[in-house]
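Report on the structure
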Amino acid sequence: NITTYLSEGGFELRKWETNDNAMRDFLYQNKEINQPCNPEEKIGRKNVRKVLGLNWNSENDEILFDFKNIVDQEHNLNCTKRNVLKVGASFFDPLGLINPVTLQAKLLFKSVCEKKLDWDDELPEPLLKNWKDFSYSLKSLSFTIPRCVFYSENVFSFIQLHEFADSSNQAYAAVVYVRFVTNNDIKVNFLTSNTRVVLTKPITIPRLELLSCLLLSKLMKTVVESIKHEITIDRSFCWTDSKIAYNCITQI
């Protein structure tokens, strides 16, 4: 079994968690298979555990995002360029689920860099106010995202990927949704996203729109390669609101 194979490489699996009630009861009754989580490993909410760096509610099968620890860390630090980078690097988001949040931290750090401050210089106004406002907004920010995004292929008549690209003069982004269609129902789930901050060198909006499309194509390739062995995608659609970018792409 997987425990035996991993133990041969020196990896000892000791703690298991599941969203299946029957399996959870079995694991908790067999201490030789599963060691219960330590109290300090609980996130402070019932049935919430930290799994692979993310807070997972095993009962509701949802990923929980709560930024209290990051806010507490920020309150104990001086508002310097070094600490702005430190707090911004504290966000763990491998799937791009909270890019609207992390992008704000990236843009604030970009503004700090444009002031050419030393690493331990205090932030001047209005950068200090912007950073405090951002930290305050995180204090009350908490939400959940369903962990499961795919359903049985036997239930749906066809499955699509819809990818969107967009940009501004500050950043550009790409996002991917999966769309399940039946005769009576349509379900759409957020899958992943990616963002890039515009560098200090001026770039035209049409070029930024092209860069967002390039980012989208790379993200789409990664998604397709990741899920092709698990589910069959019937069609993929890439969307952009830039006619210039669209014409440049279609005429290549």
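Keep in mind the model is a prediction, meaning the values are calculated, not measured.

As for unusual backbone geometry
- The step from Glu 125 to Pro 126 runs through a cis peptide bond, and the omega angle for that step is 0 degrees.
- Position of Pro 126 among the secondary structure elements: in the loop between helix H5 (99-114) and helix H6 (127-139).
- The phi dihedral of Asp 61 is positive, around 55 degrees, even though this residue is not glycine.
- Secondary-structure assignment places Asp 61 in the loop between strand S2 (54-57) and strand S3 (62-66).
- At Lys 116, a residue that is not glycine, the phi angle is positive and equals roughly 55 degrees.
- For Lys 116, the position within the fold is in the loop between H5 and H6.
- Look at Lys 116 and you get exposed, because its relative accessible area is 73%.

Thoughts on the environment of Thr 250
- Of note, Thr 250 is situated in helix H8 (residues 243-250).
- A polar contact is formed between the side chain of Thr 250 and the backbone oxygen of Asn 247, at a distance of 3.2 Å.

Notes on the packing of helix H3 (residues 68-75) against H6
- It is at 8 Å that the axes of H3 and H6 come closest, and there the two elements cross at 145 degrees. Along this stretch, H3 crosses H6, giving a crossing that reads as left-handed. Of the residues in H6, those touching H3 at Val 71, Glu 74 and His 75 are Trp 131, Lys 132, Ser 135, Leu 138 and Lys 139.
- Across the contact of H3 with H6, the residue classes tally to 3 nonpolar, 2 polar and 3 charged.

Quick word on the confidence of the model for the protein chain
- On average, the protein chain scores 87 in pLDDT, and the residues at 70 or more come to 91%.
- Scored below 50 in pLDDT, residues 38-43 makes 9 contacts in the model with residues more than four places away or belonging to other chains.

Considerations on the sheet that holds strand S4 (residues 142-146)
- The 4 strands lie next to each other as S1-S2-S3-S4, forming an open sheet whose pairing is antiparallel. The open sheet has two free edges, formed respectively by strand S1 (48-51) and S4, since each of these has just one partner strand. Taking the axes of each pair of neighbouring strands and ignoring which way they run, one obtains an average angle of 35 degrees across the sheet.
- Judged from the 3 bridges that link them, S2 and S3 form a sheet pairing that is antiparallel.

Points about H6
- Over its 13 residues, H6 extends 19 Å from the first C-alpha to the last, a length consistent with the 18 Å expected when each residue adds 1.5 Å.
- For H6, the set of buried residues is Leu 127, Trp 131, Phe 134, Ser 135 and Leu 138. For H6, the buried positions fall inside an angular range of 95 degrees around the axis, keeping them on one side. Of the exposed residues in H6, those oriented more than 90 degrees away from the buried face are Tyr 136 and Lys 139.
- Contacts from the buried residues of H6 go to H3, helix H4 (81-88) and H5.

With respect to the nonpolar core
- The biggest cluster of nonpolar side chains holds 24 residues, and the ones touching the most others in it are Phe 65, Phe 67, Phe 91, Leu 123, Trp 131 and Phe 134.
- A total of 5 residues in this core trace back to one element, the largest contributor, which is H5.
- In terms of nonpolar packing, the next biggest core, distinct from the first, is built from 21 residues, Leu 161, Ala 174, Ile 227 and Ala 245 among them.

Things to note about the packing of H4 against H5
- Where H4 meets H5, the axes come as close as 10 Å, and the angle between the chain directions of the two elements is 165 degrees. Overall, the two elements H4 and H5 adopt an arrangement that is roughly antiparallel. Seen along the crossing, H4 lies across H5 with a hand that is left-handed. Across the interface between the two elements, Lys 81, Val 84, Leu 85 and Gly 88 from H4 touch Ala 105, Phe 109, Val 112 and Cys 113 from H5.
- Its residues assigned to classes, the contact of H4 with H5 comprises 6 nonpolar, 1 polar and 1 charged.

As for H4
- For H4, every residue scored as buried is listed here: Lys 81, Asn 83, Val 84 and Val 87. Buried residues along H4 cover an arc of 165 degrees about the axis, so they all sit on one side.
- At its buried positions, H4 is contacted by H3, H5 and H6.

What counts and what doesn't
- Residues numbered from 1 in each chain as written.
- Predicted model: local features only at pLDDT ≥ 70, side-chain atom pairs only at ≥ 80, totals over all residues.
- Heavy atoms only, no water.
- Helix = DSSP H or I, 4+ residues; strand = E, 2+ residues; numbered from the N terminus.
- Buried < 20%, exposed > 50% of the residue type's maximum accessible area, 1.4 Å probe, protein only.
- Polar contact = N/O pair within 3.5 Å; in protein donor to acceptor, adjacent residues only side chain to side chain.
- Axes fitted to C-alpha atoms, helices over the stretch in contact; angles between N-to-C directions.
- Left-handed = near helix turned anticlockwise from the far one by under 90°.
- Contact = heavy atoms within 4.5 Å.
- Nonpolar A, V, L, I, M, F, W, Y, C, P; charged D, E, K, R; others polar.
- pLDDT = per-residue confidence, 0-100.
- Pairing = 2+ DSSP bridges.
- Expected span 1.5 Å × (residues − 1).
- Arc of directions from axis to C-beta.
- Core = buried A, V, L, I, M, F, W, Y, C linked by side-chain atoms within 4.5 Å.
- Parallel < 35°, antiparallel > 145°, perpendicular 65-115°, else oblique.

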